[in-house]
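The chain contents come next:
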Amino acid sequence: MSKKVRVVVMVAVLCGLHAVAEESCSRDVVVSAVERMSRLEHAQDRLEAMEAYRVRSGFSAEEWAGILFDIATNRNDRFVLQDMSRYASTNRLESLEAIVFDAERERSFRLAAFRVYALVDGFGERTSSLVARKSRAQNPDDQLSPRKLWLQINAMLPTNDVRRMSFENRMNIRQAGEND
Amino acid sequence: MKRALLTVLEIGLLLPVCASIPIHAFIVCDADGSPAVATETVRDHISNLNLVFSQVVMDFELVRLAMITNENWLSISSSNSAQHQALCATAHGTGGIELYYVEEIDDCVAFKTPSGLVVSRDANGLSVAHEVGHLCGLTDIYDDHEGTTLRVTGRSSRNRMPNDYGRPDFSIPHAKRLERLLMYGYQNSSKLAITGGDIYGLGRSVRRNEESGNYELVWDLYNVEVGFWEHGTRTPSCD
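Counting of residues starts from 1 at the beginning of each chain's written sequence and follows it residue by residue. Whichever chain is written first becomes A and whichever ligand is written first becomes 1, with later ones labelled in order. Side-chain atom pairs in this predicted model are given and counted only at pLDDT of 80 or more, local residue features only at pLDDT of at least 70, and totals for whole chains, interfaces and linings cover all residues. Water and hydrogen atoms were dropped before computing side-chain values, which therefore reflect all heavy atoms in the structure.

Caption draft 1: Local environment of the interface of chain A and chain B. Contacts between residues were defined by any pair of non-hydrogen atoms, one from each residue, lying within 4.5 Å. Contact with chain A, which involves 32 residues of that partner, is made by 34 residues of chain B. Here the quantity called buried area is the total loss of accessible area, with a 1.4 Å probe, experienced by two parts when brought into contact, counted for both. Surface buried jointly by chain A and chain B totals about 2700 Å² across both partners, of which 40% is contributed by carbon and sulfur atoms. Here, a salt bridge means any side-chain nitrogen of Lys or Arg that lies within 4 Å of a carboxyl oxygen of Asp or Glu. In this assembly, chain A and chain B are joined by 12 salt bridges. When the shortest N-O distance is used, the salt bridge between A:Arg78 and B:Asp122 registers 2.4 Å. As used in this structure description, the phrase polar contact means that two N or O atoms lie within 3.5 Å; if the pair is within protein, one of them must be able to donate a hydrogen and the other to accept it, and residues adjacent in sequence are counted only when both atoms belong to side chains. Inspection of the chain A/chain B interface yields 26 residue pairs in polar contact (both at pLDDT 80 or more). Elements with a contribution of two residues or more to the side of chain A that touches chain B: α1 (3–37), α2 (43–57), α4 (78–84), α6 (107–121) and α8 (146–156) of chain A. With eight residues, α2(A) is the single largest residue contributor to the side of chain A that touches chain B. Elements are defined by DSSP. Helices are runs of H or I of four residues or more, strands are runs of E of two residues or more, and each kind is numbered from the N terminus.

Caption draft 2: Molecular detail of the packing of aromatic side chains. Two aromatic rings from Phe, Tyr or Trp, using only the six-membered ring of Trp, form a pair when their centres are within 6.5 Å; if the ring planes differ by under 30 degrees the pair is stacked, by over 60 it is edge-to-face, and anything between is tilted. What the rule picks out here adds up to eight aromatic pairs over all chains. Here the aromatic rings of A:Tyr53 and A:Trp64 are separated by 5.7 Å at their centres, their planes lie at 40°, and the arrangement is tilted. A residue pair is termed long-range when its members are at least 10 positions apart, and A:Tyr53 in helix α2 and A:Trp64 in helix α3 (residues 61–75) qualify at 11 residues. Aromatic pair B:Tyr184 and B:Tyr186: ring centres 5.5 Å apart, planes at 50°, arrangement tilted. Across this residue pair, the class does not change: B:Tyr184 and B:Tyr186 are buried. Think of it in three bands: with a 1.4 Å probe and only protein chains considered, a residue is buried below 20% of the maximum accessible area for its type, exposed above 50%, and partly exposed in between.

Caption draft 3: Layout of the sheet that holds strand β2 (residues 60–69) of chain B. Residues and elements named next belong to chain B. In space, the five strands of this open sheet follow the order β2-β1-β4-β7-β6, with mixed pairing throughout. Strand pairing shows two members of the sheet lacking a second neighbour, β2 and β6 (110–113), which therefore form its edges. Averaged over all pairs of adjacent strands, the angle between strand axes in this sheet comes to 20°, irrespective of strand direction. Note on method: axes are straight lines fitted to C-alpha atoms, helices fitted across the in-contact stretch only, with angles between N-to-C directions ranging 0 to 180 degrees. Contacts from helix α2 (residues 39–53) reach β1 (21–29), β2, β4 (97–102) and β7 (116–120), with the element oriented near 150° to β2. Any two strands with at least two DSSP-identified bridges between them are counted as paired.

Caption draft 4: Layout of the side chain of A:Arg36. Along the chain, the position of A:Arg36 falls in helix α1. In this structure, A:Arg36 is in contact with B:Asp143, B:Asp144, B:Tyr184 and B:Tyr186, ignoring residues within four places of it in sequence.

Caption draft 5: Region of the structure containing the environment of B:Asp32. All names here are of chain B. Mapped onto the secondary structure, Asp32 falls in the loop between β1 and α2. According to the relative accessible area criterion, Asp32 is exposed, its value standing at 73%. On a C-alpha basis, the gap between Asp32 and Glu71 in space is 9.4 Å, while along the polypeptide they are 39 residues apart.

Caption draft 6: The pattern of salt bridges, seen in detail. All names here are of chain A. Scanning the model with the defined rule gives 24 salt bridges over all chains in all. Across the pair Arg92 and Glu62 runs a salt bridge, and its minimum N-O distance is 3.3 Å. Here Arg92, found in the loop between α4 and α5 (93–101), pairs with Glu62, found in helix α3; they are 30 residues apart in sequence, far enough to count as distant. Overall, the relative accessible area of 19% leaves Arg92 in the buried class. Between Arg105 and Asp102 there is a salt bridge, with its nearest N and O atoms 3.6 Å apart. Overall, Arg105 belongs to the partly exposed group, its relative accessible area being 22%.

Below is the structure:
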């Protein structure tokens, strides 16, 4: 290898190392900022802080949803996961569904994943389908019953909400209850 | 006669200070009677509350601890006002503080409603004390917040705590001092202090928008209303 080529290779390697270091550094900065924001006492406060940080850092809503999802799943942090619902698109539904079905994870974290799922789906057909599938696949050792999922829907929608009524009509509540 | 009159006056002035504030706590249970939290948790929170508020001579007494069986209230969404209004209508207007213990709240550990405090099993005594601080008229204080570029920097000084008493250590960064305040906006395990006077920090103040004429909340560095003698009340209210 000539001296010239060797210098070029060396510069390329150094640039690559610098880029990796910069990327991991900026990622650490984002993680640490999210960690701090997640400790804000009031939910509304957290929303304001996260949105301001996201806009200032130039992340799109979809990118931000990905960042929050990674941080939440690494730390089993249900509040960070819940915050993700404001940014997530339907692209995230499969990952969220995997969490709902993952019996190894903490129940409250799985419930949060379901809430985000329902919010992103707009309490639509996919949400009722998920509860129905959960009902069929219910394992006696699984602490997350379909009935619990059903109660989440009740918690999120006012009693006179049209979507709730249509959801109630679509769902076979009795079957979910039997598996409780 | 004069002495007796003075004694009566003194007792009259002290009574409101010494009277315990009644706490009415309700624990939501599922259909099988399984409670969202253990009764010991509630008692533990009240003893923490008493410990924190002993700084301002306030005392809380648990006068009622009742169970509510309604599984629709086990999981509360803070944005679903119809749901938490229904829960908090259970015993509104007791003359004390109503605490409603639920299994979980979707996006926080405890929050204030116009009719009581909703507390999840994830909350600790300090979370409850912080919310009671709001009921007593105190506001949140921060050292920084992503919603603004303003930051608290530099050391503590008399000017930054003009009406607070004692001999504070001025060698520490002022932001560190804020972390010890009960009304500090971030959760930590060291926020216990209730000061007499307001403290300089980052807070939200109400300003009138000159263009629209509307009042709005804006971030500002000022003496934030965390001082009990200046802005606190011993008759906590949810309103």
